[in-house]
Structure formats: C-alpha cells, structure tokens
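Commentary on secondary and tertiary structure
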Amino acid sequence: MSNEELDKLRQDLDEVNQELLTLINKRAQLVQDIGGIKQQQGMNRFDPVRERDMLDSITQNNDGPFENSTIQHIFKEIFKAGLELQEDDHRKALLVSRKKKPEDTVITIKGETIGDGNPHFIMGPCAVESYDQVAQVAEAVKGEGLKLLRGGAFKPRSSPYDFQGLGLEGLKILKQVADEYDLAVISEIVNPADIETAVDYVDVIQIGARNMQNFELLKAAGRVNKPVLLKRGMSATISEFINAAEYIISQGNENIILCERGIRTYEKATRNTLDISSVPILKQETHLPVFVDVTHSTGRRDLLLPTAKAAMAVGADGVMAEVHPDPAVALSDSAQQMDIETFKKFINELR
Ligand code: PEP
Ligand code: MN
C-alpha cells in the first residue's frame, strides 16, 4: 500500500471520528431533552425496558465486523454516559471532593488552625478515667505548647465486659480540664442521641472506626455546628471513608477532619496496618484535613515515632496519639499509650 493510500484512509478515519463525535453529542442532547420531559412528568430517568429495546434493535441491525457483544458493550457505555449527564451535580462531584472545592478546608479550633499546612497534634488518654488522670496529661500537653486534648468518655470496646468509659461524667471532666488549661477537647460520641449534649462539652466530636458507617450518627453530627473528626472504619475502603464524610457534609457541617487509623489485614505484627498511602490519596481527592492516629494503627509504642514521621512526610495535617500518666494501669489500650516523659520526647522529635 502506498503512503498516499494510507494517508487517505487516515483522513477518512478522522472524518468518521468527527461524525461519531457529532452523533454522540447529538444523542446526548436528545437524551437531555427526554430527561427534561421525564422530570416534568415525575418519571424515572433510567428505563431498563426501553434500554433493552434499543439494544435489541441495534444488534438486529448489526452487520459487523463487530460482534454483537462488542456492539452491546459500546452502546451500553454510551447509554451510561447519557444517564450520567442527567444526574444531579452531587452525583458527579461530592461536596467533600477537591473537584467541588479546590482549596483546602481550614478548621479553627480555639485558635488552632487545622489544615493550614503546619502539623497539629491531638494527644491524650485512650479513656477518661478520672479528673487527676486527665489533668496530668493536660498539663503536659499544655507544657509542650499544644492545644488539642483527646479522651474517650464513651468507649466502644470489643468486649461488653471491658471498661465502657465514664459517659457524661467523662465529658464533664474533659470540659473542666479544658477550661482550666485553656485546651480544646475531642471525644468520641457513639449514640446519635448524645450529639446534642456533647456539643456543650467538647470542641470536636470524634466518630470512631466502628461507627464510620453508622449513618444516623453521621447525619446527626452533620446537623450540628461543631467540627467532627471522622476515623476510617477498620475494613473501609477509601471510597467508603470519603462517602462517610459526605454524609456529614451533606447535612451542612463542613468542618470535618479525616483520620486514618489503620485497617485490618492479615498482618499480625501490628494491631492494624497503617495505610499510609491513604493520606496523599485523601488529600488529593478531598479538601479536608487528614490526620493519622499512630496509636490505634500500630498498637505498638515503639512504632509511634517512626509512623508519625511517615505521616508528616506524606503530608498529613496532624497526628493523634495516646498519652497516659501511667500506661501500665490504664483501663484501656494499656500496651500502646505513651507515658508523659515518652510523650515529651515524641513531640520534640517531631518538631
Ligand atoms: C479512639 O480513638 O479512642 C478509638 C477507639 O479509635 P478507633 O475508633 O480508631 O478504634
Ligand atoms: Mn485507645
């Protein structure tokens, strides 16, 4: 075949592409017009019977060289694109997505600006056990110039016979300590009915890994004017995690911090497997600040510092870790909390 012939064929192909493009867009226009009428009449846009009829008639008229299955596949994609064109905006771009909002969300909590590009730390005991226990940690946190104190009042435990937390009493202790030391407190809420009450005691509502898909809890947290720290479920994909955050933002609350806390894998050397790559993925795909909880992801004191360094290196907005005045006697997560001296070294290594 001469070069001339080849050029001619290529030219023809370019023309066909152009025609296809025009036809595909013409089809899209028709689909939109039909969609508009269906909407007026309150009809469902997706009509599987009509789609089946169209596919049948297309394959009946197919003279090849493409096989019917190939033709069906191609047209199915065209149908799908048409349907997507009609779907509401929010189906295309989630409210938490960068596509929807390119700039970073910055959340101000008692003067601490999370998501501003500087690292932030959320430190404190696994569970609130007593006023003295929380106050000792608060003093150390304050002493290091930090602002965010954590402590669980409602503890979701694997066994119903383990310490379940002090409940409202725990929130009261947190509030008292926060007021005395001028700190902001973050605490987990497990029951949607407790969200309204929690707002009076905490500065950030935590939704824990076990509740990441408790949709009623997510919606309740979305209806209040209080930042939410949402932890990744232990078996949740990144997409499920993002959608859980969407549940919160869809109710109006835009102040959400995502927290990677490790996922369950076959690996037994650590309590969970820290999915460090989720951090840059979440930063790319959403505009929300991303934290890494090094305590629950590793379950090992010796790994807190290296994983915290890794978190900061991949662009996390902050790190969460547990600190207890005497970890050996802690009522929960005794093996993985830092004592106060270790905490001080930890913070200073990271700065
Ligand atoms: C916690 O942070 O107190 C906690 C229980 O963590 P997670 O929900 O990630 O297990
Ligand atoms: Mn814990």
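Residues numbered from 1 in each chain as written. Chains lettered and ligands numbered in written order. Predicted model: local features only at pLDDT ≥ 70, side-chain atom pairs only at ≥ 80, totals over all residues. Heavy atoms only, no water.

In the annotation of an unreviewed UniProt entry, the entry for the protein reads 3-deoxy-7-phosphoheptulonate synthase, and the organism field reads Pontibacillus yanchengensis.

1. Quick notes on the overall build of the protein
Of regular secondary structure, the protein possesses 13 helices and 10 strands. A compact globule built from 351 residues would reach a C-alpha radius of gyration of about 20 Å, whereas the protein, at 27 Å, exceeds it by more than 25%. Judged by the C-alpha coordinates and their principal axes, the protein covers about 85 × 55 × 40 Å. Across the 351 residues of the protein, 45% fall into the buried class. Accessible surface, the protein: about 18100 Å² in total, of which carbon and sulfur atoms supply 51%. Charge-centre separation for the protein: the mean point of 41 positive side chains lies 3 Å from the mean point of 54 negative side chains. (Helix = DSSP H or I, 4+ residues; strand = E, 2+ residues; numbered from the N terminus. Rg over C-alpha atoms; globule rule 2.2 N^0.38 Å. Buried < 20%, exposed > 50% of the residue type's maximum accessible area, 1.4 Å probe, protein only. Areas by Shrake-Rupley, 256 points an atom, 1.4 Å probe, with all protein chains shown as cover. Lys, Arg positive; Asp, Glu negative; His and termini not counted. Charge placed at Lys NZ, Arg CZ, Asp CG, Glu CD.)

2. Some words on the nonpolar core
Ranked by internal contacts, the top residues of the largest apolar core, which has 66 residues, are Met123, Leu149, Ile207, Leu230, Leu258, Phe343 and Phe346. In terms of residues, this core owes the most to one element, helix H9 (residues 238-249), which gives 7 residues. Setting aside residues up to four positions removed in sequence, Ile207 forms contacts with Leu217, Leu218, Ala221, Val228, Leu229, Leu230, Lys231 and Ile248. Ile114, Leu148, Leu229 and Cys259 belong to the second largest nonpolar core, which has 13 residues in total. (Core = buried A, V, L, I, M, F, W, Y, C linked by side-chain atoms within 4.5 Å. Contact = heavy atoms within 4.5 Å.)

3. Quick look at the packing of H9 against helix H10 (residues 278-285)
If you want to describe how two helices pack, look at the angle between their axes and the distance between the axes. For the pair H9 and H10, interaxial distance at closest approach is 11 Å and the crossing angle is 45°. Classified by the angle their axes make, H9 and H10 are oblique. Read as a crossing pair, H9 and H10 show a hand that is right-handed. Of H10, the residues touching H9 (which contributes Ile238, Phe241 and Ile242) are Ser278, Ile281, Leu282 and Glu285. Of the residues belonging to the contact of H9 with H10, the class tally is 5 nonpolar, 1 polar and 1 charged. (Axes fitted to C-alpha atoms, helices over the stretch in contact; angles between N-to-C directions. Parallel < 35°, antiparallel > 145°, perpendicular 65-115°, else oblique. Left-handed = near helix turned anticlockwise from the far one by under 90°. Nonpolar A, V, L, I, M, F, W, Y, C, P; charged D, E, K, R; others polar.)

4. Notes on the coordination of the manganese ion (ligand 2)
Coordination of the manganese ion (ligand 2) by the protein is provided by Cys126 (SG), His296 (NE2), Glu322 (OE) and Asp333 (OD), with metal-donor distances spanning 1.9 to 2.3 Å. All donors of the manganese ion (ligand 2) come from a single chain, and their spacing in sequence reads C-x169-H-x25-E-x10-D. With His296 in helix H11 (residues 294-298) and Asp333 in the loop between strand S10 (318-322) and helix H13 (340-350), the pair connects residues that are 37 residues apart, well separated along the chain. Residues His296 and Asp333 agree in their burial class; the two are buried. (Donors = N, O, S within 2.8 Å, 3.2 Å for Na, K, Ca; no water.)

5. As for the environment of Leu282
Mapped onto the elements, Leu282 comes out in helix H10. It is 9.6 Å that separates the C-alpha atoms of Leu282 and Ala316, two residues lying 34 residues apart in sequence. With residues near it in sequence (within four places) discarded, Leu282 still touches Ile238, Phe241, Ile242, Leu258 and Val290.

6. Notes on the side chain of Lys283
Tracing the chain through its elements places Lys283 in helix H10. Residue Lys283 is classed as buried on the basis of its relative accessible area, which comes to 16%.

7. Some remarks on the pairing of strand S6 (residues 204-207)
Across the two faces of S6 the burial is the same, with Val204 and Gln206 and Ile205 and Ile207 all buried. Bridging between strand S5 (residues 184-188) and S6 involves 3 bridges; their strand directions are parallel. When the sheet's bridge partners are listed, Ile186 is paired in S6 with Val204. (Pairing = 2+ DSSP bridges.)

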